[in-house]
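If you want the building blocks of each chain, they are given just below.
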Amino acid sequence: MTLALRSRQALLAPLMVLILAGFAGTLHAAEPLRITHGIASGDVTPTGVVIWARASRAAQMMVEYVQTTAPSWPPIRRSGPQVEAKADFTGKVLLDGLAPDAPLSAYSLLWTAQG
């Protein structure tokens with residue numbers, strides 16, 4: 001009987017590892033979506049700028065902004081890439097067609113979780 005109990009435990013141990021690994025994956029996906037690096041701007045031209053950031057997991061990147069020369073509501077929204085692990089969850093959005101040499105009065109980075 002002791003041998004049968006040990007055999008069952010030997011069979012159940014790997015199964016428990018797989019189950020716990022599945023729960024760990026589920027917990028990882030439930031982590032809050034965060035900006036881990038950035039928000040940064042660069043590649044500035046008289047009529048454009050690139051906004052860059054890195055997320056904590058897969059997400060859709062978007063930027064909203066308002067120009068000082070033509071304030072609008074709601075803000076203008078530019079969709080960016082869907083960031084994934086193969087790109088280290090990093091994305092950038094080009095804001096072009098801006099008024100020449102005019103600052104933005106505000107911009108915000110938005111992430112929508114994927115999966």
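Residues numbered from 1 in each chain as written. Predicted model: local features only at pLDDT ≥ 70, side-chain atom pairs only at ≥ 80, totals over all residues. Heavy atoms only, no water.

A. Region of the structure containing the sheet that holds strand β6 (residues 104–113). Spatial ordering of the open sheet is given by β4-β3-β6, a layout of three strands whose pairing is antiparallel. Each edge of the sheet is formed by a strand with only one pairing partner; in this case those strands are β4 (76–83) and β6. Averaged over all neighbouring strand pairs, the angle between strand axes comes to 20 degrees, with direction disregarded. Two strands pair when backbone bridges link them, and strand β3 (residues 59–67) and β4 are joined in this way by six bridges, in the antiparallel orientation. Each residue of the ladder has a partner; that of M62, found in β4, is S79. (Pairing = 2+ DSSP bridges. Helix = DSSP H or I, 4+ residues; strand = E, 2+ residues; numbered from the N terminus. Axes fitted to C-alpha atoms, helices over the stretch in contact; angles between N-to-C directions.)

B. Examining the nonpolar core more closely. Grouped together as the largest cluster of nonpolar side chains are 15 residues, with contacts concentrated most on M61, V63, V83, L95, L109 and W111. Beyond its immediate sequence surroundings of up to four residues, V63 is in contact with I51, I76, R77, R78, V93, L95, Y107, S108 and L109. (Core = buried A, V, L, I, M, F, W, Y, C linked by side-chain atoms within 4.5 Å. Buried < 20%, exposed > 50% of the residue type's maximum accessible area, 1.4 Å probe, protein only. Contact = heavy atoms within 4.5 Å.)

Note that all results are geometric; they support no functional claim without further evidence.
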